[in-house]
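Descriptive structure summary
Each chain, written out:
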Amino acid sequence: LVRPFRLADADPVVPPDPRRPPPGPPPSQKGPRFPPLLSLARYFDDHILRHGIVIQKDIACKYEPIDKSTTYYILREGSDVRILSTRNAWRQIARPDGKTGWVKRDAVEEI
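Let us look at the structure shown here. The model shown is predicted, which means the values in this text are computed figures rather than measured ones. (Residues numbered from 1 in each chain as written. Predicted model: local features only at pLDDT ≥ 70, side-chain atom pairs only at ≥ 80, totals over all residues. Heavy atoms only, no water.)

1. Quick word on the overall build of the protein
Counting secondary structure elements, the protein contains 1 helix and 7 strands. Counting from the amino terminus, the protein carries its helices and strands in the arrangement α-β-β-β-β-β-β-β. Put simply, the protein has 111 residues, and 19% of those count as buried. Summarising the internal contacts of the protein: among those between residues at least 6 apart in sequence, 46% fall at separations of at least 24. (Helix = DSSP H or I, 4+ residues; strand = E, 2+ residues; numbered from the N terminus. Buried < 20%, exposed > 50% of the residue type's maximum accessible area, 1.4 Å probe, protein only. Contact = heavy atoms within 4.5 Å.)

2. Quick look at the side chain of Lys 62
Turning to its location among the elements, Lys 62 is positioned in strand β2 (residues 59-62). Buried Lys 62, no salt bridge; nearest opposite-charge side chain is Asp 67, N-O distance 6.6 Å. Within polar-contact distance, the side chain of Lys 62 engages the side chain of Thr 71 at 3.4 Å. The residues contacting Lys 62, other than those within four sequence positions of it, are Asp 67, Ser 69, Thr 70, Thr 71, Tyr 72, Trp 90, Gly 101 and Trp 102. (Lys, Arg positive; Asp, Glu negative; His and termini not counted. Salt bridge = Lys/Arg side-chain N within 4 Å of Asp/Glu carboxyl O. Polar contact = N/O pair within 3.5 Å; in protein donor to acceptor, adjacent residues only side chain to side chain.)

3. Some details on the nonpolar core
Ranked by size, the top nonpolar core spans 11 residues in total: Val 54, Ile 59, Cys 61, Tyr 73, Leu 75, Val 81, Ile 83, Ile 93, Val 103, Ala 107 and Val 108. Every element with two or more residues in this core is listed here: β2, β3 (71-75) and β4 (80-87). Dropping the residues within four chain positions of it, Ile 59 is found in contact with Val 54, Tyr 73, Ile 74, Leu 75, Val 103, Ala 107 and Val 108. (Core = buried A, V, L, I, M, F, W, Y, C linked by side-chain atoms within 4.5 Å.)

4. A closer look at the pattern of salt bridges
A full pass over the atoms with the stated rule returns 4 salt bridges. Put simply, Asp 58 and Arg 76 hold a salt bridge, and the shortest N to O gap is 2.9 Å. Of the two residues, Asp 58 sits in the loop between β1 (50-54) and β2 while Arg 76 sits in the loop between β3 and β4, which places them 18 residues apart along the sequence. For Asp 58, a relative accessible area of 45% translates into the label partly exposed.

Pasting the structure below:
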């Protein structure tokens, strides 16, 4: 049994309160929350960090800036790296895949 619709059964229309701001889109539709931080990180990676290239034939990339430290991986001549820091005769570098390590300062030329 279907009851017929009557105008008296409808909810009254309440005008919006002018003191309250209109509702915005739901949080899921607002987009990323920190786009300026992402662009700042990209700027830091591209402009603040120094780039370098390996100029010696197979160099050992070590865990620590010590001659007796364990070799982490081998870098080939011509490899592109980012120079993160310099300590005495060593440079801390990062490969494009994110692995970091320490190499002798004269093995990497800053570009």
